[in-house]
Amino acid sequence: MAVTDVIGGSGGRGTGGPWRNWAGNVTARPARTVAPASTEELAAAIRAAATDGLPVKAAGTGHSFTPAAATDGLLIRPERLTGIRGIDRAAGTVTVAAGTPLKHLNQTLSAHGLSLTNMGDIMEQTVSGATSTGTHGTGRDSASIAAQITALELVTADGSVLRCSAEENPEVFAGARLGLGALGVVSELTLAVEPEFLLTAREEPMPFDEVTGRFDELVAENEHFEFYWFPHTGNCNTKRNNRSQGPAAPPGRVSGWIEDELLSNGVFQVACAVGRAVPAAIPGIAKISSRALSARAYTDIPYKVFTSPRRVRFVEMEYALPRTAAVEALGALKALVERSDFKISFPVEVRTAPADDIALSTAAGRDTVYVAVHMYRGTPHQEYFGAAERIMTAHEGRPHWGKLHTRDAEYLAGVYPRFGEFTALRDRLDPERRFANGYLRQVLGE
């Protein structure tokens, strides 16, 4: 086990350096930092922290905008707890160490002719970080990454190792698939996989009124539907992903670079920087940006279609609403922007998910629409996010656990029918709150 003063170095116990998340809006100063390479080393680190009276949190790659991983105690880093531990083709599963980046998982699965059924739109997170906070993509029938977990290994507050599945410790499995780091530290995950397939992506502009007017139809007709609305305009960009018999026809090298790097990252970065310096320019920039991306179609393996690079840094708030509330909430959000002085340079992202059975999943028990609002990093966001949050909570919205929000345990207990089941499990597994921090006290209570 490496106990680090600076990540990448090693030595005896000491004070860890500061930890920051990807967006730069969360900083933590842990008393010490460890990078275990095995479940046994992880368990030993947790036992040592308990002896020293230190709280414990595990960090992934910092893609959460909330302080979910922040601690002034022991910070567990994922760098060495990585790798594929087994592929079972007969069972249709892959077992992977918790700190493995999704990018490496996807590439390894592809090399074996396998794929996850669905995934989010970035793949820089670790597998356990993504699942523990409810990372999701969009899907008519296929749900979040956590919903694809078939078994997991959890190190609890006393250093015990629990194997969990629908058959083994099922009550723990019910909560730990999306556990916020509140029940212990996940050391290993087994995920359902399937033979690799092809997806055809069809991207095209569409007016806001048409998208919202046809929303139910577009969701029903496509395996994976999402769209982006550009505030200050009536313009959207839609994306429909459906399975294809092929052949593969990926974006051309030049055209793909223009769309995914130059326009979506390079030019957009400049536009956001200009907007931050001169907010009055944002509506005009939005009108140009919303027309910059043209219609295109391409066919490729799943992770190359589902995911895309995100190099422009931002902060984000996302709420999960009952799918039946989608059009009303989006209309209210558009009206909010039109009547306010807000200057919004980032598009609003809209995705869907089917109901699942995970206690703290944002899609627990109901078909869901996700509405995500963003602001360029360094731009004041509180008023806009606060006003958008009031729209979302009016529809019993559930905030994404890894994205900015102001909700507390009292509110969340009212929108999660199985909230009490999860907190009772927490009381059982972590009565001394070894894995607590300020964020968990906010969202789960003391």
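Structural notes, computed from the coordinates. The structure presented is a predicted model; accordingly, all values stated were derived computationally and were not measured. (Residues numbered from 1 in each chain as written. Predicted model: local features only at pLDDT ≥ 70, side-chain atom pairs only at ≥ 80, totals over all residues. Heavy atoms only, no water.)

1. Regarding the overall build of the chain
Next up, step 1: What the chain contains, in helices and strands, is 14 helices and 21 strands.
Next up, step 2: Its C-alpha radius of gyration of 21 Å places the chain within 12% of the 22 Å reference for a compact globule of 446 residues.
Next up, step 3: The contacts in the chain between residues at least 6 apart in sequence include a share of 73% that link residues at least 24 apart.
Next up, step 4: Total accessible area on the chain is roughly 17,500 Å²; 52% of this is exposed by carbon and sulfur atoms.
Next up, step 5: Between the centroid of the 45 positive side chains of the chain and the centroid of its 50 negative side chains there is a distance of 5 Å. (Helix = DSSP H or I, 4+ residues; strand = E, 2+ residues; numbered from the N terminus. Rg over C-alpha atoms; globule rule 2.2 N^0.38 Å. Contact = heavy atoms within 4.5 Å. Areas by Shrake-Rupley, 256 points an atom, 1.4 Å probe, with all protein chains shown as cover. Lys, Arg positive; Asp, Glu negative; His and termini not counted. Charge placed at Lys NZ, Arg CZ, Asp CG, Glu CD.)

2. Remarks on helix α13 (residues 419-429)
For an α-helix, 3.6 residues make a turn, and residues three or four places apart therefore share a direction.
Next up, step 1: Of the positions making up α13, those classed as buried are F419, F422, T423, L425, R426 and L429. Considered in projection along α13, the buried side chains sweep an arc of 155° and stay on one side of the axis.
Next up, step 2: Residues of α13 that are buried make contact with β10 (149-155), β11 (161-165), α4 (170-176), α12 (409-415) and α14 (438-444). (Buried < 20%, exposed > 50% of the residue type's maximum accessible area, 1.4 Å probe, protein only. Arc of directions from axis to C-beta.)

3. Brief notes about the pattern of salt bridges
Next up, step 1: Throughout the structure, instances matching the rule amount to 24 salt bridges.
Next up, step 2: A salt bridge links R407 to E389; its shortest N-O distance comes to 3.7 Å. Here the residue R407 occupies a position in the loop between β21 (398-399) and α12, and E389 occupies one in helix α11 (residues 382-393), the gap between them amounting to 18 residues.
Next up, step 3: D427 is the salt-bridge partner of R433, the closest N and O atoms lying 2.6 Å from each other.
Next up, step 4: Classification of D427 as partly exposed rests on a relative accessible area of 41%.
Next up, step 5: Beyond isolated ion pairs, a larger network of salt bridges with shared partners links E316, E318, E349, R351 and K403. (Salt bridge = Lys/Arg side-chain N within 4 Å of Asp/Glu carboxyl O.)

4. Some points on the nonpolar core
Next up, step 1: Grouped together as the largest cluster of nonpolar side chains are 72 residues, with contacts concentrated most on L191, L360, W401 and L444.
Next up, step 2: Of the residues forming this core, the biggest block, five residues, is contributed by helix α1 (residues 39-52).
Next up, step 3: The next biggest cluster of nonpolar side chains, apart from the first, holds 43 residues, and it includes C272, V312, F342 and I344. (Core = buried A, V, L, I, M, F, W, Y, C linked by side-chain atoms within 4.5 Å.)

5. Thoughts on unusual backbone geometry
Next up, step 1: That bond from G246 to P247 is cis: its omega, 5°, falls within 30 degrees of zero.
Next up, step 2: By the element assignment, P247 lies in the loop between β16 (235-244) and α7 (253-277).
Next up, step 3: You will see that L180, though not glycine, has its phi angle at about 60°, which is positive.
Next up, step 4: The topology assignment puts L180 in the loop between α4 and β12 (185-192).
Next up, step 5: At H232, a position not held by glycine, the phi torsion is positive, near 75°.
Next up, step 6: Inspection of the secondary structure puts H232 in the loop between β15 (224-229) and β16.

6. Notes on the packing of helix α10 (residues 326-339) against α11
Next up, step 1: At a minimum axis distance of 10 Å, the contact between α10 and α11 shows a crossing angle of 150°. In terms of orientation, α10 lies roughly antiparallel with respect to α11. Crossing of α10 against α11: the hand is right-handed. Counting all contacts with α10, which are made through A329, A332, L333, L336 and V337, the residues of α11 involved are Y384, A387, A388, I391 and M392.
Next up, step 2: Residues belonging to the contact of α10 with α11 are distributed by class as follows: ten nonpolar, no polar and no charged. (Axes fitted to C-alpha atoms, helices over the stretch in contact; angles between N-to-C directions. Parallel < 35°, antiparallel > 145°, perpendicular 65-115°, else oblique. Left-handed = near helix turned anticlockwise from the far one by under 90°. Nonpolar A, V, L, I, M, F, W, Y, C, P; charged D, E, K, R; others polar.)

7. Some thoughts on the packing of aromatic side chains
How two aromatic rings sit relative to each other is set out by the distance from centre to centre and by the angle between their planes.
Next up, step 1: All told, the structure shown has eleven aromatic pairs when counted by the stated rule.
Next up, step 2: Ring geometry for W22 against F65: centres 6.4 Å apart, planes inclined by 80°, an arrangement best described as edge-to-face. Residue W22 is located in the loop between β2 (19-20) and β3 (27-28), and its partner F65 is located in the loop between β5 (56-58) and β6 (74-76); the two are separated by 43 residues in the primary sequence.
Next up, step 3: Residue F65 is classed as buried on the basis of its relative accessible area, which comes to 3%.
Next up, step 4: Put simply, the rings of W22, F65, F314 and F346 pair up and form one aromatic cluster.
Next up, step 5: The aromatic ring of F208 is capped on one face by K334, whose charged end is 5.4 Å from the ring centroid.
Next up, step 6: Taking the ring centre of Y411 as reference, the NZ or CZ of R407 above it sits at 5.1 Å. (Phe/Tyr/Trp six-rings, centres within 6.5 Å; stacked < 30°, edge-to-face > 60°. Lys NZ or Arg CZ within 6 Å of the ring centre and 35° of its normal.)

Interpretation in functional terms is not warranted from these geometric data alone.
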